[in-house]
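Remarks on the overall topology
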Amino acid sequence: MTPQPPSATPIARSAPPRVLTVAGSDSGGGAGIQADLKTMLALGTHGMSVLTAVTAQNSRGVQGTWELPVAAVRAQYRSVADDIGVQAVKTGMLASAELVETVAGLLAATDAPVVVDPVGVSKHGDALLAPTALDAVRLELLPTATVATPNLDEVTQLTGVKVISEDGMRRAADAVLRMGPRWVLIKGGHLAGDAVDLLTDGAEEHWLRTPRIDSRHTHGTGCTLASAIAARLAHGDRVPRAVAAAKEYVTGAIGAGYPLGAGIGPVDHGWALRNTAGDTA
């Protein structure tokens, strides 16, 4: 079916929920700000961005990174928050202690749910956070989080806890919760077997399990999941429902991932939209 042009007659519309990503740019378009904004669009929200760093990045890895000045990051955030407003915020690559501290201060003064993806390394193993920034993440950033979404490598980096099986995921969650987030989602994708994640606030506990998808094209999964959670929170979901919906979305995106370049291709952020378009064609 050919899409029809919009009506010439103006129609009064309300804005969709507004979600802000504070993260770095991925020039290859698979992760970072680019993945965040694609996810936010796919899930029916208006995505906005605060750029913290620029990377030269492709399917084979990260060839260079350049941080933005603190003043530029603060100005972007205030420009959006003070005029448009936000209904959820997601953080990704923050690069340095100074940027982590700046963003944490901005988040603490923002009345909206916050999803913190404590990005430490890229899919290819390239460092995206200075070792000197870890204390700022632990002491200042994580306490602002409604949901923190570390993978197992990031759990070890932040807490020293090494998880080698599902049995260790509770211990990892407890260690991260002691740093102050309201909820933590321990992503167990690096374990063998099913793709299993643990969501808990220390009282409630939710295990999210899906069959593992045999695909190497998984670039951007962490950014995509965190952005999907933020989008669902902006729609008004409670945390468990938001995380379950985000897990379903990212699982579909991984299943539809495609080759791009000579290395690891991206997940397909528009998989659900394409499926819907195919159903109505």
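Above this note sits the structure.
The following paragraphs examine the structure supplied in this document. Predicted, not measured: the structure shown is a model, and the values here were computed from it. (Residues numbered from 1 in each chain as written. Predicted model: local features only at pLDDT ≥ 70, side-chain atom pairs only at ≥ 80, totals over all residues. Heavy atoms only, no water.)

Focus on the pattern of salt bridges
To keep things clear, this is the line we draw: For salt bridges, the criterion is a side-chain nitrogen of Lys or Arg within 4 Å of an Asp or Glu carboxyl oxygen.
Going through the model one piece at a time under the given rule, you end up with eleven salt bridges. Shared partners join several salt bridges into a network, and the residues in it are Arg-232, Asp-237 and Arg-241.

Here we look at the sheet that holds strand β3 (residues 61–67)
Each strand in a sheet pairs with another by means of backbone hydrogen bonds, the pair being arranged parallel or else antiparallel. The condition is simple: Each pair of strands is called paired provided DSSP finds at least two bridges between the two strands. Secondary structure is summarised from DSSP: a helix means a run of H or I of at least four residues, a strand means a run of E of at least two, and numbering begins at the N terminus for each.
Ordered by their spatial adjacency, nine strands build an open sheet running β3-β2-β1-β4-β5-β6-β7-β8-β9, and the pairing between neighbours is mixed. The open sheet terminates on both sides in strands that have one partner only, identified here as β3 and β9 (205–210).

Quick notes on the side chain of Thr-102
What counts here: The contact criterion used throughout is that any non-hydrogen atoms of two residues lie within 4.5 Å.
Tracing the backbone shows Thr-102 in helix α3 (residues 97–108). In this structure Thr-102 touches Val-70 and Arg-74, once residues within four positions along its chain are discounted.

Considerations on the packing of helix α1 (residues 32–42) against helix α7 (residues 221–234)
Rules: Angular values range over 0 to 180 degrees, each being the angle between N-to-C directions of two axes fitted as lines to C-alpha atoms, with helices fitted over their stretch in contact. These descriptions rest on fixed angle ranges, namely under 35 degrees for roughly parallel, over 145 for roughly antiparallel, 65 to 115 for roughly perpendicular, and the rest for oblique. If you view the pair so one helix is near and one far, a crossing is left-handed when the near helix is turned anticlockwise from the far one by less than a right angle, and right-handed when it is turned clockwise. All amino acids are sorted into three groups, where Ala, Val, Leu, Ile, Met, Phe, Trp, Tyr, Cys and Pro are nonpolar, Asp, Glu, Lys and Arg are charged, and the leftover types, Gly among them, are polar.
At their nearest, the axes of α1 and α7 sit 8 Å apart, and the two run at 40° to each other. Classified by the angle between their axes, α1 and α7 sit oblique to one another. Here the hand of the crossing between α1 and α7 comes out right-handed. Contacts from Gly-32, Ala-35, Asp-36, Thr-39 and Met-40 of α1 reach α7 at Cys-223, Thr-224, Ser-227 and Ala-228. The residue inventory of the contact of α1 with α7, partitioned by class, reads four nonpolar, four polar and one charged.

Considerations on the packing of α7 against helix α8 (residues 239–255)
For any two helices packed against each other, one specifies the inter-axial angle together with the distance between the axes. Packing of α7 against α8 brings their axes to within 8 Å, and their N-to-C directions diverge by 140°. Between α7 and α8, the angle is such that the two are oblique. α7 and α8 meet at a crossing whose hand is right-handed. Taking contact as the criterion, the partners of Thr-221, Thr-224, Leu-225, Ala-228, Ile-229, Arg-232 and Leu-233 in α7 are, on α8, Val-239, Ala-242, Val-243, Ala-245, Ala-246, Lys-247, Tyr-249, Val-250 and Ile-254. Among the residues making up the contact of α7 with α8, the classes are represented as twelve nonpolar, two polar and two charged.

A closer look at the nonpolar core
Generally speaking, soluble globular proteins have nonpolar side chains that are buried together. How we decide: For this analysis, a nonpolar core means a set of buried residues of the types Ala, Val, Leu, Ile, Met, Phe, Trp, Tyr and Cys, connected via side-chain atoms within 4.5 Å. Accessible area is worked out with a 1.4 Å probe on protein chains only. A residue is then buried under 20% of its type maximum, exposed over 50%, and partly exposed in between.
Of all hydrophobic cores here, the largest spans 39 residues; its most connected members are Leu-20, Val-22, Tyr-77, Val-89, Val-100 and Leu-141. Sorting the residues of this core by element identifies β1 (18–26), β2 (46–58), α2 (70–83), α3, β5 (114–116) and α4 (134–141) as the ones contributing at least two each. No other element matches α3, which puts seven residues into this core. With sequence-adjacent residues up to four places away left out, Val-89 is seen in contact with Leu-20, Val-22, Tyr-77, Leu-107, Thr-110, Pro-113, Val-114, Val-115 and Ala-230. Judged by nonpolar contacts, the second largest core, of 29 residues, contains Ile-229, Ala-230, Leu-233 and Ala-242.

What about the side chain of Ser-59?
Here Ser-59 is to be found in the loop between β2 and β3. Ser-59 gets classed as buried once you look at its relative accessible area, which sits at 11%.

A short note on α1
For an α-helix, 3.6 residues make a turn, and residues three or four places apart therefore share a direction. Of all the positions in α1, only Gly-32, Ile-33, Ala-35, Asp-36, Thr-39, Met-40 and Ala-42 are classed as buried. Note on α1: the residue one or two positions beyond its end, Gly-44, has a positive phi of about 75°.

Looking at the pairing of strand β4 (residues 88–91)
Selection criterion: Consider the strands pointing away from the viewer: the crossover is right-handed when the path from the first strand over the helix to the second runs clockwise.
Here β4 shows two buried faces, one formed by Ala-88 and Lys-90 and the other by Val-89 and Thr-91. Relative to β4, β1 is paired through four bridges, and the arrangement is parallel. Along β4, the bridge assignment pairs Thr-21 with Lys-90. Bridging between β4 and β5 involves three bridges; their strand directions are parallel. By the bridge assignment, Val-89 is partnered in β5 with Val-114. In terms of handedness, the path from β4 via α3 over to β5 forms a crossover that is right-handed.

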